Amino acid sequence: TSVKAIVNVTSDKCYENKEWEWGYRENEPMGGYDPYSASKGCSELLTSSYRNSYFNTKDFGNKHQVLLASGRAGNVIGGGDWASDRLVPDCMKAWSLGEIVEVRSPNSTRPWQHVLEPLYGYLLIAENLFKSGESFTEAWNFGPKDEDSKSVKWVVEELCKLIPNCNWLVDDAPQPHEAVQLK
């Protein structure tokens, strides 16, 4: 086979979120209160089971030539993300049309990072799997320092410093569960 390294990219939402002040470590329990988070936890469990069953490091070089790891990133922002229900794209779309942005969970804290930061990490994982082997076949977290995590409100207010005539309000409509603290 030509495949030598696999990196499964999931999210920091894969953890059983306990709303801790500190960031999650790679060995923390998988979980998910909501379906999105549960799907990320399931993806991590499947990655681990594939690694154990089909790409076990004990069998590397004999029964298979594939190494498997996963990368987990916090909230990413940056070019190319124009999907709905994303804070920065929603703000930019609304403000470009002179509309008011409805922001849910303004006091929720997230580990915001530019999309190129975790992408660079994923590429490093793949490179190290390919060059260095079995010692990189695990889960890897990517995110800012704990003190660099910011609230949704902080991000919106920082954007408003750059965008004239920005207006926003808190969306008080009932919402599905959303974690307050993620790191």
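Residues numbered from 1 in each chain as written. Predicted model: local features only at pLDDT ≥ 70, side-chain atom pairs only at ≥ 80, totals over all residues. Heavy atoms only, no water.

J.: How should I be thinking about the state of the cysteines in this particular structure?
T.: Here, the word disulfide means a covalent bond between the sulfur atoms of two cysteines. Overall, the coordinates contain 1 disulfide when judged by the stated rule. Sulfur-sulfur distance for the disulfide between C160 and C166 comes to 2.1 Å. Taking the torsion about the sulfur-sulfur bond, which here is approximately 135 degrees, the covalent link between C160 and C166 counts as right-handed. Looking at C91, it has no disulfide partner, and the nearest cysteine sulfur is the one in C160, 7.1 Å off. Taking the relative accessible area as the measure of exposure, C91 reaches 0% and is therefore buried. (Disulfide = S-S within 2.5 Å. Buried < 20%, exposed > 50% of the residue type's maximum accessible area, 1.4 Å probe, protein only.)

J.: How do you make sense of the pattern of salt bridges when you look at a structure like this?
T.: Opposite charge on two side chains permits pairing when their charged atoms draw close. Evaluation of the coordinates by the stated rule reveals 6 salt bridges. One salt bridge connects D12 with K13, and the closest N-O pair in it is separated by 2.9 Å. A residue is classified by how much of its surface remains accessible, and D12, at 8% relative accessible area, is buried. (Salt bridge = Lys/Arg side-chain N within 4 Å of Asp/Glu carboxyl O.)

J.: Help me out: how do you make sense of a negative patch on the surface in this one?
T.: The grouping of E21, D146, E147 and D148 at the surface amounts to a negative patch. Tracing the sequence through the fold places D148 in the loop between β7 (139–142) and β8 (150–151). (Patch = residues over 30% accessible without salt bridge, like charges linked within 9 Å, V, L, I, M, F, W, Y side chains within 5 Å. Areas by Shrake-Rupley, 256 points an atom, 1.4 Å probe, with all protein chains shown as cover. Lys, Arg positive; Asp, Glu negative; His and termini not counted. Charge placed at Lys NZ, Arg CZ, Asp CG, Glu CD. Helix = DSSP H or I, 4+ residues; strand = E, 2+ residues; numbered from the N terminus.)

J.: For this particular structure, what's the right way to read the nonpolar core?
T.: Of all hydrophobic cores here, the largest spans 14 residues; its most connected members are L87, C91, W95 and V156. When residues no more than four places from it in sequence are discounted, the contact partners of W95 are V101, V156, L159, C160, I163, C166 and N167. (Core = buried A, V, L, I, M, F, W, Y, C linked by side-chain atoms within 4.5 Å. Contact = heavy atoms within 4.5 Å.)

J.: Mind showing me how you'd approach helix α4 (residues 152–162) here?
T.: Note that an α-helix has 3.6 residues per turn; residues three or four places apart therefore point the same way. Buried within α4 are the following residues: V152, V155, V156, L159 and C160. On an axial view of α4, the arc spanned by its buried residues comes to 140 degrees, and they lie on one face. Looking at the buried side of α4, the elements it contacts are α2 (87–96), β4 (101–103), β8 and β9 (168–170). (Arc of directions from axis to C-beta.)

J.: What am I meant to see in the sheet that holds β7 here?
T.: Reading across the sheet, the 3 strands line up as β1-β2-β7 and stay open at both edges, with parallel pairing between neighbours. Looking along the sheet, the strands with just one partner apiece sit at the ends: β1 (5–9) and β7. Mean inter-strand twist for the sheet, computed between neighbouring axes without regard to direction, equals 25 degrees. Strand direction decides the pairing type here: β1 and strand β2 (residues 67–73), joined by 5 bridges, are parallel. Across the sheet, residue I6 finds its bridge partner in β2, namely L68. The sheet strands contacting helix α1 (residues 35–53) are β1, β2 and β7, and the helix crosses β2 at an angle near 165 degrees. (Pairing = 2+ DSSP bridges. Axes fitted to C-alpha atoms, helices over the stretch in contact; angles between N-to-C directions.)

J.: Can you help me understand unusual backbone geometry in this one?
T.: The residue D85 is not glycine, and still its phi comes out positive at about 60 degrees. Relative to the helices and strands, D85 is located in the loop between β3 (76–77) and α2. With relative accessibility at 57%, the residue D85 sits in the exposed group. One non-glycine residue, N165, lies in positive phi territory at about 60 degrees. If you trace the backbone, N165 turns up in the loop between α4 and β9.

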